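# Commentary on secondary and tertiary structure
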Amino acid sequence: MSGWSLVYDTFDPQAEGLREALCTLGNGHFAVRGAADEVDAGGPHYPGTYLAGGYNRLVSDVSGRPIENEDFVNFPNWLSVSFRHCSEPGGEPEPWFDLHAVEILAFRQELDMAGGLLHRRLRVKDSAGRVSRIESSRLVSMDQPNLAAQAWSLTPENWGGPIELRAALDGCVINGGVARYGSLRSRHLVPGAVGLESDGILHLEVETSQSRLRMVQAARLRLSRDGSPLNLAPEPDLAEGYAGARFRLVAQEGEAIELEKIVALFTGRDRAVSEPRFAALELARRVEDFARLAQRQALAWSQLWRRFDMRIANTTAAVTEEMNRILRLHVFHLLQVCSPHICDLDVGVPARGLHGEAYRGHIFWDELYIFPLLNQRLPEITRELLLYRYRRLDAARHLAREAGHAGAMYPWQSGSDGREETQQVHLNPKSGRWLPDNSQRQRHVNAAIAYNVWQYVQATDDMEFLSAYGAEMLLEIARFWASICERDGGGERWVIDGVMGPDEYHDAYPGQEDGGLRNNAYTNVMVSWLLRRAREVIDRVPFHDRDELCERLRLGDDELARWEEIANGLTLCFHEDEDGQPVISQFEGYGDLLEFDWVGYAAKYGDIQRLDRILEAEGDTPNRYKLSKQADVLMLFYLFSARELRELIEGMGYTWDDRLIERTIAYYSARTSHGSTLSRVVESWVMARIDRRRSWQLFCQALKSDVSDIQGGTTAEGIHLGAMAGTVDLVQRGYTGLELADDVLWFDPRLPDELSHLEMELRYRGHFLQIDVGRDRLRIVASNHVAKPIRIGFDGRIYDISHGEELEFALSAPSSAPKRVLRHAAG
């Protein structure tokens, strides 16, 4: 289907890691990388199976120092299917099929995003001249979260003879998907029972060594020839941590040998399960065949696509198709991680998805880029992911107390139980040195969590969530920030010291051993915003809930008054640009740093996205220079409209300058290496209002971050889920000017010149809204028979809209008199 498939027509071993990540299939409960059926880990291949929330801790020796890490566990590989030719009885069999050892006559691998399937078709010729056609399809069920399936076939084209077929569940796997973790301990699985039941069901049991997470996989095998069942009894091939079955048969020229492998996967944490092994065996026995599972898979995905698909139009048809394809690829991977099946799983959003082992599967702040997409389509998923944070509120309180602060301090990296999972040291692959990791000082993750709570409530008006969970989180985070603030030397202003902003290149001042920075602009403005929201949150909570909450938190008017005082008096630093005009300083003292030789380093190294590694290998540090890995100050213009930012900055006691935003954006755009995939998303967003051509260029680059692996190998270790969702949200909100504020859904469309049309469906406070944006008009149609009317804002005016009604605005009309049409839609 045009625009719905990711297709590879050649086999490229050097690109195999990237393709395996991009062809991952998942359903929110678990996922499997897009590795070939017959391969084991090694060389360019890395089959990996990952479970949402599947972590385990190991202690490794790093330069004579014990270091504990919580890792995202690579669970047993259930994909294993292969064949080999057999000589006459008693002779030695030939090696198992190896794509690297044959001549490839034809190759096609297709990720079908509409149906949630991965197809692979090969024609190969071996050293004996035998030509074979091998076809396979697989799915990870979006219909039933404990199921996966394969359909595999071998067709001899010019030969016949004895062969041996093998299907297995392989638990002899380790975590080996990230080369820089290679010196760390990597064996997380303790093998358990294996078996081959009399009815041909394979099963394998493993348990993680520390977290005691038990997993059972059961595989039902069915063999046929040209669609007719073959009643061959499999031979058991069992070993510790390995459950296999082999079939010996005679292949006939031109007749397809087909193997169907249906896999049930259960853990000790699954709901409504008596015992994982029993559940896996029972489901494997009673489940339908592959064809029926594929039909149900297609239905489940079609229902998701009705909510999430958006269509953009470019003047060039080929460009339109390619961009829609990549946008769908990004949505596809988002839904494979954040699907409706995460409900009750108590899991967060790993920054690299369920697609690999980079960042050890930890949860950072990428929710900030992901939740807006979910809020407007399936907000119940956002609710569940916010509950992951709520369940770790006590752990965040403990972290704050340990650091000498009040309230709740969430970790920069979170995993299973809410403790700080940021590594103590990290490896620079350019220098080979292990270095201290100070990134846990990125306390701004706390402000992001509070912002996410507020945005979810704005999108849904979910007062039950706010009363029961959200308000407590937001207020405890506000309390943490208020406790970390201190008076400056003159006692006139409040300061925040010892933190890092989003720019990870700066973790300390030059020559200082103590890490952290003073008055990071992004952090201080976010804290001012949060402390202002606290009173509003309390006022929104119903009377009885509010009293009980304040009583439980021991929160009184005196503390709230102090928060307001801090919000109004937080420090914001400025320095002059090249023209002597003020710009916002990324942090206090930023203007005193050295300018960086961008041209010289680009000429010397080519790719300078990771200047931190380059400079450290040279014995230098980015702390000395005016450079950024990613957007930092610019995050303010990403999260807040110009109106909101003006109110915040003036509320902090500073004079607003109408050109401040434009100057600040230009200043930092020239000093950013985009070493994070999130950076181009943010800069494209903020450029959308001042330089649409530049915004479009950055959008196109961000769109290809993973599909083209622009960071040179990182995508193979796991996709960048925040950047994927961020590009889609850039279309959804950035180019439509969509903003949630004051219980109004505002629109201010600014399509780039390269886009002529945009269509999508949004969900807002119970209404499903059809949005149609063109060059000269904005059309909004509401549908929901029971939801109360909502308010739509356009060009400074607010309009009510309810079920069956339509609003249409002329975008080319003068701002003083926007065209407005209100009518009942047909039906």
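Residues numbered from 1 in each chain as written. Predicted model: local features only at pLDDT ≥ 70, side-chain atom pairs only at ≥ 80, totals over all residues. Heavy atoms only, no water.

Before going further, it helps to examine empty space enclosed by the protein. Scanning the model with the defined rule gives 3 cavities of 30 Å³ or more in all. Taken as a whole, the largest cavity encloses approximately 90 Å³ of empty space. Considering the residues around the largest cavity, the lining is formed by Leu368, Phe371, Pro372, Asn375, Gln376, Tyr451, Asn452, Gln455, Arg733, Leu738, Glu739 and Leu740. Of the residues forming the lining of the largest cavity, the biggest block, 4 residues, is contributed by helix α5 (residues 367–375). Classifying every residue of the lining of the largest cavity gives 6 nonpolar, 4 polar and 2 charged. Lining the second largest cavity are 14 residues, with Ala52, Val347, Gly348, Pro350 and Leu354 sitting closest to its centre. Of the residues that constitute the lining of the second largest cavity, the class distribution is 11 nonpolar, 3 polar and no charged. (1 Å grid on protein atoms, 1.4 Å probe; cavity = no way out; pocket = protein on both sides within 12 Å on 5 of 7 lines; lining within 4 Å. Points joined across faces, edges and corners; volume = space filled by probe spheres on them. Helix = DSSP H or I, 4+ residues; strand = E, 2+ residues; numbered from the N terminus. Nonpolar A, V, L, I, M, F, W, Y, C, P; charged D, E, K, R; others polar.)

In terms of nonpolar packing, the biggest core is built from 228 residues, with Trp365, Phe637, Leu645, Phe699 and Ile780 touching the most fellow members. With 12 residues, the single largest contributor to this core is helix α9 (residues 463–484). Residues in contact with leucine 645, not counting those within four places in the same chain, are Val525, Leu636, Phe637, Phe640, Trp656 and Ile661. Among the nonpolar cores identified, the runner-up in size contains 19 residues, and Ile201, Leu281, Ala284 and Ala294 belong to it. (Core = buried A, V, L, I, M, F, W, Y, C linked by side-chain atoms within 4.5 Å. Buried < 20%, exposed > 50% of the residue type's maximum accessible area, 1.4 Å probe, protein only. Contact = heavy atoms within 4.5 Å.)

Looking now at the side chain of glutamine 609. Following the sequence through the fold, glutamine 609 ends up in the loop between α13 (598–605) and α14 (611–617). Overall, the relative accessible area of 10% leaves glutamine 609 in the buried class. A polar contact of 3.0 Å, which involves the side chain of glutamine 609, links it to the backbone oxygen of isoleucine 710. (Polar contact = N/O pair within 3.5 Å; in protein donor to acceptor, adjacent residues only side chain to side chain.)

Inspection of the secondary structure puts glutamate 38 in the loop between β3 (30–32) and β4 (49–51). Contacts of glutamate 38, omitting those with residues within four sequence positions, involve Val81, Ser82, Phe97, Leu99 and Arg120.

The subject of this paragraph is the sheet that holds β4. Strand order in this open sheet of 3 strands is β2-β3-β4, and the pairing throughout is antiparallel. The open sheet has two free edges, formed respectively by β2 (25–26) and β4, since each of these has just one partner strand. (Pairing = 2+ DSSP bridges.)

Taken together, Asp545, Asp547, Glu548 and Glu551 make up a surface patch of like negative charges. Checked against the element boundaries, aspartate 547 lands in helix α11 (residues 543–553). (Patch = residues over 30% accessible without salt bridge, like charges linked within 9 Å, V, L, I, M, F, W, Y side chains within 5 Å. Areas by Shrake-Rupley, 256 points an atom, 1.4 Å probe, with all protein chains shown as cover. Salt bridge = Lys/Arg side-chain N within 4 Å of Asp/Glu carboxyl O. Lys, Arg positive; Asp, Glu negative; His and termini not counted. Charge placed at Lys NZ, Arg CZ, Asp CG, Glu CD.)

With that settled, consider helix α20 (residues 721–734). Counted at 1.5 Å a residue, the expected span for α20 with its 14 residues is 20 Å, and the 18 Å between its end C-alpha atoms agrees. Maximum bend of α20: about 30°, positioned at valine 728. Summarising burial for α20: 14 of the 14 residues are buried, a large majority. (Expected span 1.5 Å × (residues − 1). Bend = angle between axes of the 7 residues up to and from the residue.)

It is worth spelling out the packing of helix α4 (residues 317–337) against helix α19 (residues 692–703) at this point. Look at α4 against α19: their axes get within 11 Å of each other, and the N-to-C directions meet at 55°. With respect to α19, the element α4 is oriented oblique. The chirality of how α4 crosses α19 is left-handed. Contact residues: Met323, Ile326, Leu327 and His330 in α4; Trp696, Phe699, Cys700 and Leu703 in α19. Residues that form the contact of α4 with α19 fall into these classes: 7 nonpolar, 1 polar and no charged. (Axes fitted to C-alpha atoms, helices over the stretch in contact; angles between N-to-C directions. Parallel < 35°, antiparallel > 145°, perpendicular 65-115°, else oblique. Left-handed = near helix turned anticlockwise from the far one by under 90°.)

Under the criterion given, the structure shown has 35 aromatic pairs. Centre to centre, the rings of phenylalanine 11 and phenylalanine 107 are 5.8 Å apart; their planes meet at 45°, and the pair counts as tilted. One end of the pair, phenylalanine 11, is in the loop between β1 (5–8) and α1 (16–22); the other, phenylalanine 107, is in strand β8 (residues 103–112), and 96 residues separate them in sequence. You can call phenylalanine 11 buried: its relative accessible area is 17%. Between phenylalanine 574 and tyrosine 654, the ring centres sit 5.7 Å apart and the planes meet at 55°, which makes this aromatic pair tilted. (Phe/Tyr/Trp six-rings, centres within 6.5 Å; stacked < 30°, edge-to-face > 60°.)

A few words on the environment of alanine 52. Mapped onto the elements, alanine 52 comes out in the loop between β4 and β5 (55–62). A relative accessible area of 15% means that alanine 52 is categorised as buried. As a C-alpha pair, alanine 52 and glycine 129 span 77 residues in sequence and 45 Å in three-dimensional space.

This next bit is on the environment of arginine 325. When you line up the elements, arginine 325 lands in helix α4. With relative accessibility at 17%, the residue arginine 325 sits in the buried group. Sequence separation between arginine 325 and glycine 171 is 154 residues; the distance between their C-alpha atoms is 35 Å. For arginine 325, the residues in contact, after removing those within four places along its chain, are Gly3, Ser5 and Met113. A polar side-chain atom of arginine 325 sits 2.8 Å from the main-chain carbonyl oxygen of serine 5.

On average, residues of the chain score 94 in pLDDT, and 97% of them are at 70 or above. Note that pLDDT drops below 50 for residues 814–820; the model gives that stretch 17 contacts with residues more than four away or on any other chain. (pLDDT = per-residue confidence, 0-100.)

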